[in-house]
Number of protein chains: 2
Amino acid sequence: MIDIERKFLVNGPIPEGEDTPIQEGYLSRNPERTVRIRTRKDKANISVKGKISADGLSRYEFKQEISMEDALNLLKICEPGVIEKTRRAIKWGEHTIKVDIFHGKYDGLVIAEVELEDPDQPFEKPEWLGEEVTGNLKYYNSNLT
Amino acid sequence: MIDIERKFLVNGPIPEGEDTPIQEGYLSRNPERTVRIRTRKDKANISVKGKISADGLSRYEFKQEISMEDALNLLKICEPGVIEKTRRAIKWGEHTIKVDIFHGKYDGLVIAEVELEDPDQPFEKPEWLGEEVTGNLKYYNSNLT
């Protein structure tokens, strides 16, 4: 099963939701074996992803929790471009819209993401969402450097 | 404190000792943030090393145990040059000599290592040790690819 994620820029005042601070850094951005450090509130993990399979459907993933202290030290030696953002989860009808509000170098960038069960599932875009940027690699995590 | 490790090639029949099978692969060999997967008998870990400090004395290191199943999957996506070797630990007087017997691509390569407490500590080289290769980067792990 693949998750269908549609991504949007954000126009207008963002509704209230549950905020989670996130930091993300890459020890390697090589698409054959990306190594990512992530903190999320008071938890942290290291994850490794293999390359996307020839049929585009699957990707090996390893993820393990690590201590916050280790994560903060590891973020210091990550490749340049450690991301700090606040993720706001907003209930919207039957969906949860996740809005990433970037800080630091990307201050001002706000990207919303909604996960659909299949590409044809209807999704009525609220007014505060702007241009759809699904598939525009510029807005994908590992390309924000 | 730095460990002083002297490395030698091996000439003669290797004495008996305690054998440990080891596999090592790199998710990244970038010297600013190497990421290594290692299995050692029935244990496995992931480790990350930062770059060597300007004074050459220290290097940030993170190490965490992972499951053998995860390690074997991660070794499959490591950079080419996963090493398989048997490490034999041999008691020799007051020292323990570690002999790495390589398999696979490096079949035939045997490297012995002895750790000294300081560079001037005397070490009487047994007959079965050959040429000293301390400092010869060709024989260091991350360069065996």
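What counts, and at which threshold
- In this numbering scheme, every chain counts its residues from 1 along its sequence in written order.
- Whichever chain is written first is A, and whichever ligand is written first is 1; the rest continue in order.
- Thresholds applied to this predicted model are a pLDDT of at least 70 for local features of residues and 80 or more for the giving and counting of side-chain atom pairs; totals over whole chains, interfaces and linings are not thresholded and use all residues.
- Each side-chain value is derived from all of the structure's non-hydrogen atoms; neither hydrogens nor water enter the calculation.
- For this analysis, a salt bridge means a side-chain nitrogen from Lys or Arg found within 4 Å of a carboxyl oxygen belonging to Asp or Glu.
- Only DSSP runs of H or I reaching four residues or more are called helices, and only runs of E reaching two or more are called strands; each is numbered from the N terminus.
- For the exposure calls, accessible area comes from a 1.4 Å probe over protein chains only, and a residue counts as buried if that area is under 20% of its type's maximum, exposed if over 50%, partly exposed in between.
- Residues belong to one nonpolar core when they are buried, are Ala, Val, Leu, Ile, Met, Phe, Trp, Tyr or Cys, and are joined through side-chain atoms within 4.5 Å.
- Whether two residues are in contact is decided by their heavy atoms: any pair within 4.5 Å suffices.
- Each pair of aromatic rings taken from Phe, Tyr and Trp, with Trp reduced to its six-membered ring, is defined by centres within 6.5 Å and is described as stacked if the planes are under 30 degrees apart, edge-to-face if over 60, and tilted in the remaining cases.

In the annotation of an unreviewed UniProt entry, the entry for chain A reads CYTH domain-containing protein, and the organism field reads Algivirga pacifica.

Colleague: Mind laying out the pattern of salt bridges, listing which residues take part and the relevant values?
Modeller: In this structure the tally under the stated criterion is 23 salt bridges over all chains. With a closest N to O distance of 3.6 Å, A:Glu32 and A:Arg33 form a salt bridge. In this structure, the salt-bridge partner of B:Arg38 is B:Glu24, at a minimum N-O distance of 2.8 Å. With B:Arg38 in strand 3 (residues 33-40) and B:Glu24 in strand 2 (residues 18-28), this pair connects stretches of sequence that are 14 residues apart. Each member of the pair B:Arg38 and B:Glu24 is classed as buried. Among the ionic contacts, a cluster of salt bridges with common partners joins A:Glu24, A:Arg36, A:Arg38, A:Lys85, A:Arg87 and A:Asp100.

Colleague: Quick one: what's the story with the nonpolar core, residue by residue and with numbers?
Modeller: One broad rule of soluble globular proteins: the nonpolar side chains tend to lie buried together. One finds A:Ile46, B:Leu27 and B:Ile46 to be the most contacted residues of the largest nonpolar core, which totals 26 residues. Elements that contribute at least two residues to this core include exactly strand 3 (33-40), strand 4 (43-52), strand 5 (59-66) and helix 1 (68-77) of chain A together with strand 3, strand 4 (43-52), strand 5 (59-66) and helix 1 (68-76) of chain B. Top contributing element to this core by residue count: helix 1 of chain A, with 4 residues. What B:Ile46 contacts, discounting residues up to four positions off in sequence, is A:Ile46, A:Val48, A:Phe62, B:Leu27, B:Val35, B:Arg36, B:Ile37, B:Phe62, B:Lys63, B:Gln64 and B:Ile66.

Colleague: Run through the packing of aromatic side chains, naming residues and quoting values.
Modeller: All names here are of chain A. A full pass over the atoms with the stated rule returns 6 aromatic pairs over all chains. Centre to centre, the rings of Phe-8 and Phe-123 are 5.9 Å apart; their planes meet at 40 degrees, and the pair counts as tilted. Placement of Phe-8 in strand 1 (residues 4-10) and of Phe-123 in the loop between strand 8 (110-116) and strand 9 (129-132) is noted, with a sequence separation of 115 residues between them. Overall, the relative accessible area of 1% leaves Phe-8 in the buried class. Both rings, one in Phe-102 and one in Tyr-106, keep their centres 6.4 Å apart while their planes meet at 70 degrees; by these two values the pair is edge-to-face. Residue Phe-102 is classed as buried on the basis of its relative accessible area of 3%. With a relative accessible area of 22%, Tyr-106 lands in the partly exposed category.

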